Amino acid sequence: MLAIRAERAFDGERLVRGGVVVLLDEGRIVAVGRDATVVPADVRVADFPTATVLPGLVDAHVHLCGDGWPGALDRLPEYDDDGLTGVIRSSLTGQLAAGVTSVRDLGDRRAAVLDWRRRAITLTGPEAVAPTIVASGPPITSRNGHCANMGGEATGPRQLRAAVRDRVERGADLVKVMASGGVMTPGSDALLCQFQLAELRVVVEEAHAAGLPVTAHAHGLPAVEQAVDAEVDGIEHCTCLTPSGIQMPDRLLERLASRGTVVCPTLGVAAGSTPPAALLAIMQRTGMTWEARQAHAARMHRAGVRLVSGSDGGIGPRKPHSVLPEAVADLVAGGVSAADALATATWCAAQSCGLGKHKGRLRAGYDADLLLVDGNPLDDIGALRRVSAVILNGAIVGKSADIEEGPA
């Protein structure tokens, strides 16, 4: 049993001040209280006198097979199985160091992440210390479409149904489909649709029949509208790009909010990083700016759209497997309150990833996956970058704290 004592807590929705103690036992949160009365005698106490304790962060959009170096996605076919395993382990280590205790992988190379997760059940020692993984397997894409080198090409109803069934058989938690082209794939156009509406509906129908949700990669406005028409459960990026920049009609905004579609705007970039040439080209072509993307996400939030934070980690140097705090900070920069922005990476993200029954909150009975940061992120969202400790399954795996024996 271990007690975590901090100056304040963010419980997944709101800030609790005045000194907080979180009692952990056998990988679960046993109690949360404002004073030492929740701590039995002879229990170890880890003291963080200036910190805020939060639920471990949930990164709702990562690519664990991406090593974060230039050309990460282009080089995926160069890795053999052992090479991909090494990248996945390194990616998970980077996520955990940033306070991310759960990830949703939305595109691997030939189901490598699904295979790794299946094998990881037998791991022991340091290798077993890794975030929880929710995974889609390779994204379904058109012939020679965006991220085709991940192995998910399919065309026509028969192939699309077979692609969904393959993911079901491999144990995927959801289906990812590339409704538009993407910036990082040569020959792919992010403003254009990759499927017909009827084809997207086939994917959704087949996935829903198997009990799996569908999330759609969509940058261009036509693809976002098509994804909503197909009744997908989530939209990744949701940039609503047009030749004249980001444009989201009011009616589309209303439909996203009323349907409860989960949107992951994939904000967050490494400080001081330079956009790759392909991204610079589309920014120049459309007039899109990063500030416009921040404002676009905030507008969706104000309209009641369900936002979650995901980093797109692994796709390149601007998107390392440690950048989720920057995605939360970008929401705040766009005008979202700090509490609501933090919720997109804790409770809201856990819920949208199918983990809401046991992750994303500081509450008795929930998993003992915690993050402690120096300072108050509701006053200064930059505090999210100042990791004091990470706790996974009830054990401190990140930085150390002052630990004393006996009652708090």
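What you are looking at is a predicted structure, and each value in this text was computed from that prediction instead of being measured. (Residues numbered from 1 in each chain as written. Predicted model: local features only at pLDDT ≥ 70, side-chain atom pairs only at ≥ 80, totals over all residues. Heavy atoms only, no water.)

A. Examining the nonpolar core more closely. Membership of the largest hydrophobic core comes to 88 residues, with the highest contact counts inside it found for Ile140, Ile235 and Cys238. Those residues in contact with Ile140, other than ones at most four positions away along the chain, are Gly152, Ala154, Leu160, Ala163, Val164, Arg167, Val175, Lys176, Val177, Met178, Phe195 and Val203. If you look at the next biggest cluster of nonpolar residues, it comprises 21 residues, including Ile29, Ala46, Val53 and Ala368. (Core = buried A, V, L, I, M, F, W, Y, C linked by side-chain atoms within 4.5 Å. Buried < 20%, exposed > 50% of the residue type's maximum accessible area, 1.4 Å probe, protein only. Contact = heavy atoms within 4.5 Å.)

B. Quick look at the packing of aromatic side chains. Throughout the structure, instances matching the rule amount to 0 aromatic pairs. Above the ring of Trp290, the side-chain terminus of Arg318 is found at 5.7 Å from the ring centroid. The ring centre of Trp347 lies 3.7 Å from the NZ or CZ of Arg361, which sits over that ring. (Phe/Tyr/Trp six-rings, centres within 6.5 Å; stacked < 30°, edge-to-face > 60°. Lys NZ or Arg CZ within 6 Å of the ring centre and 35° of its normal.)

C. Broad picture of the pairing of strand E11 (residues 234-242). Buried residues dominate E11, accounting for 9 of its 9 residues. Two strands pair when backbone bridges link them, and strand E10 (residues 214-220) and E11 are joined in this way by 5 bridges, in the parallel orientation. Looking across to E11, one finds that Ala216 is bridged to Ile235. For the handedness criterion, the β-α-β arrangement of E10, helix H5 (residues 221-229) and E11 is classed as right-handed. (Helix = DSSP H or I, 4+ residues; strand = E, 2+ residues; numbered from the N terminus. Pairing = 2+ DSSP bridges. Right-handed = clockwise from strand over helix to strand, strands pointing away.)

D. A look at the sheet that holds strand E6 (residues 57-62). Here 3 strands make up an open sheet; going across it, the order is E6-E7-E8 and the pairing parallel. Only two strands of the sheet have a single partner each, and these edge strands are E6 and strand E8 (132-135). Averaged over all adjacent pairs, the angle separating strand axes in this sheet is 20 degrees, with direction ignored. Contacting strand E7 (100-105) and E8, helix H2 (residues 112-120) crosses the sheet at an angle of about 140 degrees to E8. (Axes fitted to C-alpha atoms, helices over the stretch in contact; angles between N-to-C directions.)

E. Quick peek at helix H3 (residues 156-170). Counted at 1.5 Å a residue, the expected span for H3 with its 15 residues is 21 Å, and the 21 Å between its end C-alpha atoms agrees. Turning to H3, its buried residues are Gly156, Leu160, Ala163, Val164 and Arg167. Buried residues along H3 cover an arc of 110 degrees about the axis, so they all sit on one side. Structural note: H3 exposes Arg158 and Glu169 on the side pointing more than 90 degrees away from its buried face. Contact partners of the buried residues in H3: strand E9 (175-178) and helix H4 (197-209). (Expected span 1.5 Å × (residues − 1). Arc of directions from axis to C-beta.)

F. Quick look at the pairing of E10. Burial of E10 is extensive: 7 of the 7 residues sit out of reach of the surface. Pairing geometry for E9 and E10, over 4 bridges, is parallel. Within the sheet, the bridge partner assigned to Val177 lies in E10 and is Ala216. Once the chain exits E9 it traverses H4 before rejoining the sheet at E10, and the crossover so formed is right-handed.

G. The environment of Leu64, seen in detail. The residue Leu64 is located in the loop between E6 and helix H1 (81-97) in this model. Between the alpha carbons of Leu64 and Leu84 there is a distance of 8.9 Å; along the sequence they are 20 residues apart. The residues contacting Leu64, other than those within four sequence positions of it, are Val87, Ile88, Ser91, Leu92, Val103, Asp105, Val113, Ile133 and His321.

H. Molecular detail of the side chain of Thr344. Along the chain, Thr344 turns up in the loop between helix H10 (338-343) and helix H11 (347-352). Setting aside chain neighbours within four positions, we find Thr344 in contact with Leu307, Val308, Ser309, Leu331 and Ala349.

I. Local environment of the packing of H1 against H2. Running from N to C, H1 and H2 cross one another at 75 degrees; their axes reach a closest spacing of 10 Å. On the basis of the axis angle, H1 is roughly perpendicular to H2. Contacts between H1 and H2 involve Leu84, Thr85, Ile88, Arg89 and Leu92 from the former and Ala112, Val113, Trp116 and Arg119 from the latter. The class makeup of the residues in the contact of H1 with H2 is 6 nonpolar, 1 polar and 2 charged. (Parallel < 35°, antiparallel > 145°, perpendicular 65-115°, else oblique. Nonpolar A, V, L, I, M, F, W, Y, C, P; charged D, E, K, R; others polar.)

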